[in-house]
Structure formats: structure tokens, C-alpha cells
Amino acid sequence: MTGLFRVASGGSRIDRSRTLSFTFDGRSYTAHPGDTLASALLAHGVRIVAHGPYTGRPRGVYSAGAEEPNAFVQVESGLGEPMVRATRLEVHDGLEVSSLAGRGRLPDGPDTGRYDKTYAHCDVLVIGGGASGRAAARDAAEAGDRVIIADDRPGIGIEASDELTVLPRTTVTGYYDHGFFVAVERRTDHLGEAAPARTARRRLWHIRARRAVLATGVLERPLLFPDNDRPGIMLAGAAAAHVRRYGVLPGRAAVVFAAHDGALRAALDLLDAGVEIACVADLRPSAGPLGERLRARGVTVREGQAVTGTEADAAGVLTAARIGDDLVPCGLLAVSGGWNPDLHLYTQAGGRTRWSAEHAAFVPDEPPRPRMDVVGSAGGIPGEAAGHVPDGADERVFVDLHRDATLADVRGALHAGMTSNEHVKRYTTIGTGADQGRTSGVPAPEAVARLLGRAPGEIGTTTQRPPVEPIPFAVLAGRDRGDLLAPVRRTPMHAWHEEHGAVFEDVGEWKRPWYYPRPGEPAGDAVLRECRTVRSRAGALDASTLGKIDVQGPDAAAFLDRIYTGRISTLAPGRCRYGVMCGTDGMIFDDGVVARLGPDRFHLTTTTGNAARVLDWLEEWLQTEWPDLRVRCTSVTDQWAVVALAGLRSRDVLTALAPGLDAGAFPFMSLREADVAGLPARIFRISYSGELGYEINVPSWHGLALWEAVMAAGEPHGIAPYGTETMQVLRAEKGYIVAGQDTDGTVTPHDAGLGWAVEPGGGWIGHRSLRRPDTARAGRKRLVGLRPHDPDVVIAEGAQLVAEPPPAEITRPIPMLGHVTSSYRGTVGSFALALLRDGLEREGDTLYAIDSGRMDRVIVTHPVHYDREGARRDGDG
């Protein structure tokens, strides 16, 4: 015997010729191909499948589909998966499952399963594979449209063709703008361990559809009464569905609690399958013809009566239903309060619903744009149903089984002044669980309406948001994990850096040399050695990762005047200028150097991590605000390899590399084009270290050759490579900021000491925001320098600055005066940059830096710690 509660015959989805084995909570059971975990457990008489997440009360299978609020389980076999609906989990050989208390747990190890993504376009997307959905798909395909039909059940009953793509086991989880849909296809749940190794467990579909047809059908809703959560209580239509689909009896003796004809039809189905119907309680004054049919078969039908409570055994499993003053023994209580059109995707798309007394449900009203056609029962099933909100025992009347939310919680929300359904939802958490409020979506607003003495249409429904069903993060990631999470970008010189022992750091998507330690040399010592080499002789930095944007067009100069805080149009060809970009709020967005290559052409540099954002920023303004400007922006980051050559001997190195270039007549903030080591190069005379410096740009395919030539030419002058950590120390010693490190979205150019780079006449993005009272007020944080009182201390980055040491027992808030943004040990010793409240940045003042229980005494200094006069810039120091 494969189950105590199998129907002798029937069960259209079940292949009884084969037997499968699975375990639930450590016990072994059998099933047949086509069974879900829910149907298999019901067949064995297993009633307790889960527990309430907060109450711990036992819960059983409540539905037969995606609306299941109770029976969420943990898959232990294979790769494991939390929070899986038992009504959607297909049994396979070797399946191991355990029950949950409403909350799953992540597997111990990483999810090593295979997940795919695919993209599809169609003329018509049909969502739902019932009779109406199949008819809509056939009609569209016969009309010559490209059609995709998706349904979350294993079989749809329609053949695929050149015009028709059929996606069973596929849930459309979200509607987005312009006909864009996301769907998740379950691909190996039913195959189990026998699935081919390269078969994806899930496939994420990105579908762009010209038109959508919603054929999602209806969801059965429960009725409210005390102790309505016991195992053995389930939706009447779901109970009948388990008989029809799986050949399973959900119980031997049943009470049916009805409010519409659909529940009575379910009672007849159960009766036909051999279930003893002890009693039918119908809220309506008359059960009509279906009630007479039940009476003719010996069933007691009580009209105008309700279930007022239930009884259970010691385990909490249903044993009886109370109707009026009578206690009716039963093992199944099948309840149904009507049918709700399944309109999650419809309302996601912007469609509006209205309350229909004819359907006793919220039905489609104002369609979304672009239009989504609703067909079949998703438009509503006519037939008035009686609503029911019981009195008393509110704390045991569960409105949302999945969230353990009760009628008492609803009353509490109303007593707290929450009259909006959206507010009640947030106060009680009703409808916020993994079931997306499918069974509570109407009972909750109906309860609110009745308690307020209003109509359900006045209360309305809550906003539906994607996803319709939870999507595992592994499915969203697909194969984009580990090394494939983001493309790793390497400069043309990467192999050289590896060969010479560089330690790399990730900067954006780039692998950049961090420092070059000698054998056994600590990181801090290596960085200090590199700093001294640059300051005393010469150093080379691979700066190829800097963002580089080519801006061309007759209006390029005027455009850049609006982008940067300084005037760019006055820049002569062959000259460079430091520029700051601000957001519309007047805060620093990025900075870099602008070089004018010709009358209508400019070369922009950005910070490494901001290159894509800056290009997007430029394009956004050109396309949305100033489409009349004749400007083209092109990323050339990957087209140029860059070697930053810095130090007292850098001019000697460049002269050896480019004998045709008069390096002595090469002024600061200018550019030249010349052959360097026989390679065509664009050379910028700029410095991020404070030393004499050049940035040599060559086409990227010449990058390695240039780097090797620089190192060879610099060998007589003591050149050495240096990494990004050394670059950070050198720039911070000079008081140069890093956008995003020394700025945090609240820093204006004036705050950062860059007022000299601001055009006072305005006209650039963000200039009006700098005139706001807040950005012009006294007391804003300004960039300052810090030195620790103890020279052996390196101040913690992010440390908070206070005026006095906090007392041992803090009884009042301590004013925070600023915070540390950059901190290093460099050629000048230990130092830091900080943002400190204006008026408190007097040099020589003492403050205290506090971080994670550590406190350091610090002295305020000028932000420039090295060569404040700038004598080293031209190699004259």
C-alpha cells in the first residue's frame, strides 16, 4: 500500500506503475511519479507539515497550489533549499525534506547548483495554461504571432510549434516597464539526483512581450472562525483538487463550511470520491439547488449557519468542528469563502481593481498601459458569496496563516488609528509573507471594512509588488558567481606586475598593483620604501585604469562649462586643467584632469571606480536636458595604457625615452605628442604625488612595451615601481582628495578646499545648490590635516573627532565634530586628512579621535603635510 488515503482509481497526474521513496522529518514514505510532497503526505495521513512561525502551532496542508500559506518545508537532499511549498515540490526518488516553522535556513555551504538565464521576445505572452490561456495562445499563434505560454504546473496540455513556445513549471514573477516580464522555470525538481550534471535547476527568463494575456485564474479564499489554523482544515476547492489531480483523499470524514456554490460543488466531488460528508454549514440563507443535491444524497445541510470553532487532539490535529451548539466529529474541515481573481501581475502592471458585489471579489477595472488582456476566470467568477467576521476569540482567528496574524492584530491596528489597508498591512504584517497574501488578500480588507462599518470597496486592496513568488538569489545570479560575478579587468602590464611580485587590490573591476614587497618585507615597510623612492629618485605607477573619456563636437567646450565647476572653454589647446564635477545638490561627484586636444576635442580623466558613472552622467545630460548640443562622448579607458612617471629624476628618464622631446620646455598642466621608446604617445605634464611628474599614454597594445622601456631607462636613476597604496600616501601628503573617500556626498568644493576651482559666475550643474542656506552656512565640515600626538600611532580611518575625552560613564550625548577620511604613515610620519566642523579647524588645536573603544590624541594641521610651497612640482626641491 502506497498510502492510507489513496482513491481506488483516478488521479490523472499519477503514474501508479512506479513507486518513489522519500523522507519527511526523518521518516520514510512512498509516492508515485506526479505526486507533490503535499499529496504524498496527505496520502499517508500525515497532517502536521509545518508550524506557525511565531505561535508554534501545528499547521497542515491548506491548499493545492501557489496560494499555500502553511506547508513550507526545507529540502535537505541534493543542494538543499529553504522555504519550498509542499504543494509545488514534486517528489523524486531520494528526496529528503524537513518541516519548518515558517522560516527557512540557508544551507551550510555555497549553492553549487547550475542556474541559467535566457532572453526571449514575443508578440504575445500568455500567463496561465488553463482552458482560457490555451485558447488565447492557439488563437494568437494561428494569427501568425510569436507566442509564449507559461504556467507553473508540470503540464499545460498544448503542443509547442514554430510560433508557440510552451513553458511548463514556469512562474511569471514580475511585470516591469514596457512589456518586460521575469519568469522562473523549475527544471530539475522532478528529475532529482538522476538529472544530468549540466542541467540547470532553474532558468530565469527575461521576456519582452508586445502584448500580454493574463489567464491566471482564481484563488480560493478562506473563512474566518476561531482556531481556523488546525491541521485538517483546508480550502474546499483544494481538497477536491487533491482528489482529481492526485487520487488522494484529504480525509475520511469531512465538514464543509461554505459561502458560495463552489464550496458545494467541492462537497459533491469529495462525496463522489468516497469521503463521508458529516455536515455542510452554509452561511447563506439558502444553499440552492446544489444544497438539494447534497440533501438527496443524505448530507445534512445547515443554511445560515457558521463554524464557530474547532477541537483538536493532543497533537493539535483537527478532530471536530463546532456548528452552533453542536460539535461535529471530522478529520477534514473544507472551507471556502469565494474566489478571488489572481491579479498580482495585473496590479503590478498598473491595472486598477474594483469591488464587485456580483463576484464578491476585487475584479479588473481600469486596465494597465500597455494593455494586459484578462481572460477566463481571472476576470472573476459571478456568484455572490457571504462574508464572515466572527465575534470573540480574536486572538485565535487567523487572518494570515503564513504570518500568524490574527483578527486581534487587525483590531489592534484599528485601535492604534490605522484605518488605511496599507497601514494595517504594515502594522500587522498581513500579506507580507512568502505567499504574498494570496489567502489573506480579501479576508483582511473585508475584516477591516466590517470592523469600521464600511464596504470592502472603500477599503481596497494593498499594492502588489514583484516578485509574485520568492526567487532564490542563486537563480538571480545564474552563472554570474565567483570569478564570473563581475568581469576582472587587467591592464596590459598585468603579467609584468605578477612576475615582479605585486600584491593586487580590487579597484572597481580592475586588478591594480597595491605594492611590491621584497621577500620577507612587511606591507608597511614596502609602501614606505616605495614612497621614499619616488620622493628621492623616480617611480613608475601603472595608471591605465584611470577613466578616460573623449569628448568631441562644436559645442564640447560649452557643454564642459556646464559639467565642471571651473571654466573649461578658456583652456587653450595643448593645456590641461583640474576640474571638479558636482551633482545637482552641489556636492562633489568626481574630479579629474581635462586636456584640450583641439578646438572641438577634449580628453577627460576620472577616478578609476567612477569611470562608467561619469560617462553615464554626461550622456544623461546630453540626452535629456541638452539634446541640442552637438557633442559626442566616448569611453577610451581601454584604448590607452598609462604610465605615471614621478620623482626628481623623472625628467631624466623621459629625456632618455624621448630624445626628440624638449622635456625642459614642458610646462606644468600641458600635453605633448611625441614618440616615447619609439611608440606614439600622448604625454601629460601633471602630478598626483606633488613631485615632478608625467603621465605617458600609448595605445593599449603598446602598454607592456612602454612599461618595460620606462623601467629600463629609469634603472640608472634608481627607478622602482610603486602601487596604489603608495599613490594614496603621496597624494594625501599633498592634501589631494579622493572623491568618495575624502568626500561622502555631503561635501562641496568649498568644504574640500577647492574653492579656487569654482567659477563664481555659476552656470554649471549644482551651482544654485551652493547658494542654499545649508550649503553656505557656517559650521560645515572642512578638510583639515591631523597629526597624532604619539608619532607611533596611525589614526583609524573613520574615527570620530571630539573636543574632550569622554568620561568613563557617559550620561549625555557627546558632540561629534568631524571624522577622519584618510590616514597613513608616510615620508612625513603618521598623518591624516579629516573633515572637521568649520570654526574648529585652527592649526595646533587638540582633539580626540575615537574608534571602536580606542582613543587617540590628535593635533589639527594644514591639510598639506608635504612641500606646502609646491617647490617639488617642477623638480626644483
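Remember, predicted model here, so these are calculated numbers, not experimental data.

S.K.: I keep staring at the overall build of the protein chain and nothing clicks. Help me out?
M.R.: Within the protein chain, the secondary structure is distributed over 19 helices and 47 strands. If you line up the protein chain on its principal axes, its C-alpha atoms span 110 × 70 × 60 Å. Within the protein chain, the fraction of its 877 residues that count as buried is 56%. Excluding contacts between residues fewer than 6 apart, the proportion of contacts in the protein chain whose partners are at least 24 apart in sequence is 63%. Carbon and sulfur atoms make up 49% of the accessible area of the protein chain, which totals about 36,100 Å². Charge separation in the protein chain, taken as the distance between the mean sites of 98 positive and 111 negative side-chain charges, equals 1 Å.

S.K.: Would you explain the sheet that holds strand 41 (residues 720-721) in this entry?
M.R.: The pairing of strands in a sheet happens through backbone hydrogen bonds and is either parallel or antiparallel. Here we have six strands laid out as an open sheet, ordered 38-39-40-37-31-41, and mixed in their pairing. Across the chains shown, the open sheet's two edge strands, defined by having one partner strand only, are strand 38 (671-676) and strand 41. Looking at chain direction, strand 37 (residues 640-646) and strand 40 (residues 693-699) are connected through seven bridges and run antiparallel. Pairing of valine 642 across the sheet is with asparagine 697, part of strand 40. The strands touched by helix 16 (residues 650-657) are strand 37, strand 38, strand 39 (679-684) and strand 40; relative to strand 40, the strand with the most contacts, the crossing angle is about 30°.

S.K.: Looking at this structure, I do not really get the pattern of salt bridges. What am I missing?
M.R.: Applying the stated criterion to the full structure yields 58 salt bridges. Where aspartate 373 meets arginine 211, a salt bridge forms, and the shortest distance between an N and an O atom there is 3.0 Å. A residue pair is termed long-range when its members are at least 10 positions apart, and aspartate 373 in strand 26 (residues 372-374) and arginine 211 in strand 13 (residues 202-214) qualify at 162 residues. Close ionic contact of arginine 411 with aspartate 394 constitutes a salt bridge, the shortest N to O distance being 2.1 Å.

S.K.: Would you explain unusual backbone geometry in this entry?
M.R.: The phi angle of most residues is negative, glycine excepted, and most peptide bonds adopt the trans form. Here the residue pair proline 466 and proline 467 is connected by a cis peptide bond, since its omega of 0° sits within 30 degrees of zero. When you line up the elements, proline 467 lands in the loop between helix 10 (456-459) and helix 11 (473-477). We note that methionine 83 has phi near 50°; this positive angle belongs to a residue other than glycine. Among the structural elements, methionine 83 can be located in strand 6 (residues 81-85). Phi at methionine 669 is positive, roughly 60°, even though this residue is not glycine.

S.K.: Where do I start with the nonpolar core in this structure?
M.R.: In a soluble, globular protein the nonpolar side chains are often hidden away together inside. Of all hydrophobic cores here, the largest spans 80 residues; its most connected members are Phe22, Phe257 and Leu333. Once residues within four sequence positions are removed from consideration, phenylalanine 22 is found in contact with Arg27, Ser28, Tyr29, Thr30, Ala31, Leu37, Ala40, Leu41, Val91, His92 and Leu95. Among the nonpolar cores identified, the runner-up in size contains 32 residues, and Ala641, Val653, Leu654 and Ile696 belong to it.

S.K.: Whenever I open this one, the pairing of strand 17 (residues 276-282) confuses me. Can you help?
M.R.: Residues in a regular strand point their side chains to alternate faces of the sheet. The buried count for strand 17 comes to five of seven residues, which makes it a mostly enclosed element. Here six bridges tie strand 16 (residues 253-258) to strand 17, and the two strands are oriented parallel to one another. Its bridge partner being in strand 17, valine 255 is matched across the sheet by cysteine 279. Relative to strand 18 (residues 301-303), strand 17 is paired through three bridges, and the arrangement is parallel. Bridge pairing in strand 18 links alanine 281 to arginine 302. Handedness of the crossover joining strand 17 and strand 18 through helix 5 (residues 288-296) is recorded here as right-handed.

S.K.: When you look at the packing of helix 16 against helix 17 (residues 703-714) in this model, what are you seeing that I'm missing?
M.R.: When two helices pack together, you describe them by how their axes are tilted relative to each other and by the distance separating the axes. Viewed as axis vectors pointing N to C, helix 16 and helix 17 meet at an angle of 115°, and their least axial separation amounts to 9 Å. Pair helix 16 / helix 17 crosses with right-handed handedness. Here Val653, Ala656 and Leu657 of helix 16 come into contact with helix 17, specifically with Ala709, Val710, Ala713 and Gly714. Classifying every residue of the contact of helix 16 with helix 17 gives six nonpolar, one polar and no charged.

Conventions used here
Residues numbered from 1 in each chain as written. Predicted model: local features only at pLDDT ≥ 70, side-chain atom pairs only at ≥ 80, totals over all residues. Heavy atoms only, no water. Helix = DSSP H or I, 4+ residues; strand = E, 2+ residues; numbered from the N terminus. Buried < 20%, exposed > 50% of the residue type's maximum accessible area, 1.4 Å probe, protein only. Contact = heavy atoms within 4.5 Å. Areas by Shrake-Rupley, 256 points an atom, 1.4 Å probe, with all protein chains shown as cover. Lys, Arg positive; Asp, Glu negative; His and termini not counted. Charge placed at Lys NZ, Arg CZ, Asp CG, Glu CD. Pairing = 2+ DSSP bridges. Axes fitted to C-alpha atoms, helices over the stretch in contact; angles between N-to-C directions. Salt bridge = Lys/Arg side-chain N within 4 Å of Asp/Glu carboxyl O. Core = buried A, V, L, I, M, F, W, Y, C linked by side-chain atoms within 4.5 Å. Right-handed = clockwise from strand over helix to strand, strands pointing away. Left-handed = near helix turned anticlockwise from the far one by under 90°. Nonpolar A, V, L, I, M, F, W, Y, C, P; charged D, E, K, R; others polar.

Keep in mind these values describe shape, not function.
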